[in-house]
Amino acid sequence: MNNTIKKLQAIMAIENIKENEPMKDHTSFKVGGPADLFLMPQTQTELQQVLKICKESDKPLYIMGNGSNLIVRDKGYRGIIVNTKALNRVEVQGTTLIAEPGISLKDLANIALKENLTGLEFASGIPGSLGGAVTMNAGAYDGEMKGVIQSITVIKEDGTEKTIPAEQCQFGYRSSILQQLGWILIRVELGLKHGDCQAIEAKMLNLNTQRQTKQPLEYPSAGSTFRRPEGYYAGKLVQDAGFKGYAIGGAQVSEKHSGFVINKGGATAADILNLIGAIQVAVKEKFGVDLKTEVIVIGND
């Protein structure tokens, strides 16, 4: 790893190269052990150089944004994590936004509001970055990302760029082509419409008020823990299985919304994963339904 670090120091500021970095400081659940190497490229050019060096190192590699849908296990990650949070630039071209993956959905929705553009109101309260939202085809209330994306640009395994129109992105419920391929998202083109600033702001406020009323935003979590099974609501299944308020260590099923596992205080990644596992077993036994998580889990047991 020392040789890799030397190469990285030739292209990056030293403060953006961190060894044994605690991942609890970079995930919304506030849990997770150290990553061997944690890198924060500041530009797309730097990201491409970083990816080339990482590939040459032959170490496991994970690309993350805001860490709002991520659990890193307590023993950490034996490899390299690249954080794209600094890649957050946005260009406005009429009704089109061309954005880098690190920008938060909240900030992107606020830029659309400032430009009197409608279509992103649904995303204004979704935690996390644009990159994660595109990868998961995130959605809430009356919208999802596939409804506003015109194209995405990625870096392929061979280091070349490829632009993919939305109709070829294979967007589905919490899924996209990016989950199937080892391509790195670097740019998203979103198509919005002209709208009334006051109406856009009012809709954003209404949706965010609903979210604050119904969801346990006062605790660390990764948002909705489980994907919605076809024909069911995940939160109701969890509640009907008797898990509302149930806790393992510092992890608890929210008493406000049973679809959320929260860090009530001092939780470990193991607490959260054990609670999720217990819920999945109980729901399968009681209702015959396989609950799949929205949360991504990486790292070493």
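The coordinates are above.
Summary of the structure given here. Remember, it's a predicted structure, so these values are computed and weren't measured experimentally. (Residues numbered from 1 in each chain as written. Predicted model: local features only at pLDDT ≥ 70, side-chain atom pairs only at ≥ 80, totals over all residues. Heavy atoms only, no water.)

## Some remarks on the overall build of the protein chain
Phase 1: If you tally the helices and strands in the protein chain, you get 7 helices and 18 strands.
Phase 2: Computed over the C-alpha atoms, the radius of gyration of the protein chain is 20 Å, within 12% of the 19 Å expected from 2.2 N^0.38 for a compact globule of 301 residues.
Phase 3: Projecting the C-alpha coordinates of the protein chain onto the three principal axes gives extents of approximately 55 × 50 × 30 Å.
Phase 4: Across the 301 residues of the protein chain, 48% fall into the buried class.
Phase 5: Here the contacts in the protein chain between residues at least 6 apart in sequence split such that 64% fall between residues at least 24 apart.
Phase 6: Put simply, the protein chain shows about 14,000 Å² of open surface, and 48% of that area lies on carbon and sulfur atoms.
Phase 7: In the protein chain, which carries 33 positive and 32 negative side-chain charges, the distance between the mean positions of the two groups comes to 3 Å. (Helix = DSSP H or I, 4+ residues; strand = E, 2+ residues; numbered from the N terminus. Rg over C-alpha atoms; globule rule 2.2 N^0.38 Å. Buried < 20%, exposed > 50% of the residue type's maximum accessible area, 1.4 Å probe, protein only. Contact = heavy atoms within 4.5 Å. Areas by Shrake-Rupley, 256 points an atom, 1.4 Å probe, with all protein chains shown as cover. Lys, Arg positive; Asp, Glu negative; His and termini not counted. Charge placed at Lys NZ, Arg CZ, Asp CG, Glu CD.)

## What about the sheet that holds strand β16 (residues 251-253)?
Phase 1: Strand order in the open sheet formed by 3 strands is β15-β16-β17, and the pairing between neighbours is antiparallel. Each edge of the open sheet carries a strand with a single partner, namely β15 (247-248) and β17 (261-263).
Phase 2: One ladder, built from 3 bridges, connects β16 with β17; its direction is antiparallel. Looking at β17, one finds that A251 is bridged to N263. (Pairing = 2+ DSSP bridges.)

## Description of unusual backbone geometry
Peptide bonds are mostly trans, and most non-glycine residues show a negative phi.
Phase 1: The phi angle at N137 is positive, at roughly 45°, despite the residue not being glycine.
Phase 2: Among the structural elements, N137 can be located in the loop between α4 (130-136) and β9 (139-140).
Phase 3: The class for N137 is buried, based on a relative accessible area of 0%.
Phase 4: You will see that R174, though not glycine, has its phi angle at about 55°, which is positive.
Phase 5: Among the structural elements, R174 can be located in the loop between β12 (161-165) and β13 (184-191).
Phase 6: In this structure R174 comes out as buried when scored by relative accessible area, which is 11%.

## Overview of helix α1 (residues 2-9)
Phase 1: Among all positions in α1, only T4, I5 and L8 are buried. Down the axis, α1 shows its buried residues gathered within 100° of arc, on one side only. Facing away from the buried surface of α1 by more than 90 degrees, the exposed residues are N2 and K6.
Phase 2: Check the buried side of α1 and you find it contacts β1 (17-22), β2 (34-39) and α2 (44-57). (Arc of directions from axis to C-beta.)

## A word on the packing of α1 against α2
Phase 1: At a minimum axis separation of 10 Å, α1 and α2 run at an interaxial angle of 165°. Between α1 and α2, the angle falls in the class roughly antiparallel. The interaxial crossing formed by α1 with α2 has right-handed handedness. For the pair formed by α1 and α2, the contact residues are T4, K7 and L8 on the first element and V50, I53, E56 and S57 on the second.
Phase 2: Here the contact of α1 with α2 is built from residues that sort into 3 nonpolar, 2 polar and 2 charged. (Axes fitted to C-alpha atoms, helices over the stretch in contact; angles between N-to-C directions. Parallel < 35°, antiparallel > 145°, perpendicular 65-115°, else oblique. Left-handed = near helix turned anticlockwise from the far one by under 90°. Nonpolar A, V, L, I, M, F, W, Y, C, P; charged D, E, K, R; others polar.)

## With respect to the pattern of salt bridges
For side chains of opposite charge, pairing can occur when their charged atoms come near one another.
Phase 1: Evaluation of the coordinates by the stated rule reveals 11 salt bridges.
Phase 2: A salt bridge links E294 to R174, with the shortest nitrogen-to-oxygen separation between them at 3.4 Å. One end of the pair, E294, is in the loop between α7 (269-287) and β18 (296-298); the other, R174, is in the loop between β12 and β13, with 120 residues separating them in the sequence.
Phase 3: The salt bridge involving E218 is made with K256; its shortest N-O contact spans 3.7 Å. Here E218, found in the loop between α5 (197-214) and α6 (234-240), pairs with K256, found in the loop between β16 and β17; they are 38 residues apart in sequence, far enough to count as distant.
Phase 4: Residue classification places E218 among the exposed positions, given a relative accessible area of 52%.
Phase 5: Judged by relative accessible area, K256 falls into the partly exposed class, the value being 39%. (Salt bridge = Lys/Arg side-chain N within 4 Å of Asp/Glu carboxyl O.)

## Examining α2
Phase 1: For α2, with 14 residues, the first-to-last C-alpha span of 20 Å sits near the 20 Å given by 1.5 Å per residue.
Phase 2: If you check which residues of α2 are buried, you get Q44, E46, L47, V50, L51, I53, C54 and S57.
Phase 3: Packing partners of the buried residues in α2 comprise α1, β2, β3 (61-64), β5 (77-83), β11 (149-155) and β13.
Phase 4: Downstream of α2 by a residue or two, D58 has a phi angle that is positive, lying close to 65°. (Expected span 1.5 Å × (residues − 1).)

Just geometry here; none of it tells us what the structure is for.
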